[in-house]
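Structure at a glance
For reference, the chains in residue letters:
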Amino acid sequence: MKRKAIVAAALAAAMTATLITGCGKSKEAAFPDPEKTITLIVPQGAGGGTDTQARQLVEAMKEVSATTIS
């Protein structure tokens, strides 16, 4: 169980780092259509570690994009 948590945290950190850096692209290239909403679906119960990581990821994404993220 502990290994899953470590892998999930590492994956979330890698996704966040990739998103923040935008793979070297501008904000407009990373999020080409700001009119569309991005919906992040987390198939886990609310309040757990995965949910917490997803909420942190959404907050980080909101800081770097003009797109609505829910």
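Please read all numbers here as calculations on a predicted model, not as lab measurements.

The rules behind these values
- Per chain, the residues get numbers from 1 upward, laid out in the order the sequence is written.
- Given that this is a predicted model, residues contribute local features only at a pLDDT of at least 70 and side-chain atom pairs are listed and counted only at 80 or more, while totals for whole chains, interfaces and linings are drawn from all residues.
- For side-chain calculations, the full set of non-hydrogen atoms in the structure is used, while hydrogens and water are omitted.
- Each helix is a run of H or I in the DSSP string that is no shorter than four residues. Each strand is a run of E no shorter than two, and both are numbered from the N terminus.
- Only protein chains enter the accessibility calculation, which uses a 1.4 Å probe. A residue is then buried if its area is under 20% of the maximum for its type, exposed if over 50%, and partly exposed in between.
- Should any heavy atoms of two residues lie within 4.5 Å, those residues are counted as being in contact.
- Surface accessibility follows the Shrake-Rupley procedure with a 1.4 Å probe radius. Residue values consider only the protein chains on display as shielding.
- Take the number of residues in a helix, subtract one, and multiply by 1.5 Å to get its expected span.
- Salt bridge, as used here, is a side-chain nitrogen of Lys or Arg placed within 4 Å of a carboxyl oxygen of Asp or Glu.

Counting secondary structure elements, the protein chain contains three helices and zero strands. Starting at the N terminus and walking to the C terminus, you meet the elements of the protein chain as α-α-α. Across the 70 residues of the protein chain, 20% fall into the buried class. Relative to all contacts within the protein chain whose residues are 6 or more apart in sequence, the contacts with residues 24 or more apart total 66%. Total accessible area on the protein chain stands at roughly 5,200 Å², and carbon and sulfur atoms take up 60% of it.

Turning next to the environment of Lys-36. On the secondary structure map, Lys-36 appears in the loop between α2 (27-30) and α3 (49-64). Take Lys-36: its relative accessible area is 57%, and that puts it in the exposed class. Residues Lys-36 and Thr-68 lie 32 residues apart in sequence; the distance between their C-alpha atoms is 7.1 Å. Beyond its immediate stretch of four places on either side in the chain, Lys-36 contacts Thr-67 and Thr-68.

Right, let's talk about α3 for a bit. In this model, α3 (16 residues) spans 23 Å end to end at C-alpha, consistent with the 22 Å of a helix rising 1.5 Å per residue. Among all positions of α3, only Asp-51, Ala-54, Leu-57, Val-58, Ala-60 and Met-61 are buried.

By secondary structure assignment, the location of Asp-51 is in helix α3. Excluding anything up to four places from it in sequence, Asp-51 contacts Val-42, Gly-45 and Ala-46.

Time to look at the pattern of salt bridges. Enumeration over the complete set of coordinates arrives at two salt bridges. Between Asp-51 and Arg-55 there is a salt bridge, with its nearest N and O atoms 2.8 Å apart. Within this pair, Asp-51 and its partner Arg-55 are both found in helix α3, separated by four residues, close to a single helical turn. Accessibility expressed as a relative area gives 53% for Arg-55, which makes it exposed.

With that settled, the discussion passes to the environment of Ile-38. Here Ile-38 shows up in the loop between α2 and α3. In this structure the C-alpha to C-alpha distance between Ile-38 and Thr-68, which are 30 residues apart in sequence, comes to 6.3 Å.

All we've got here are geometric facts, nothing functional implied.
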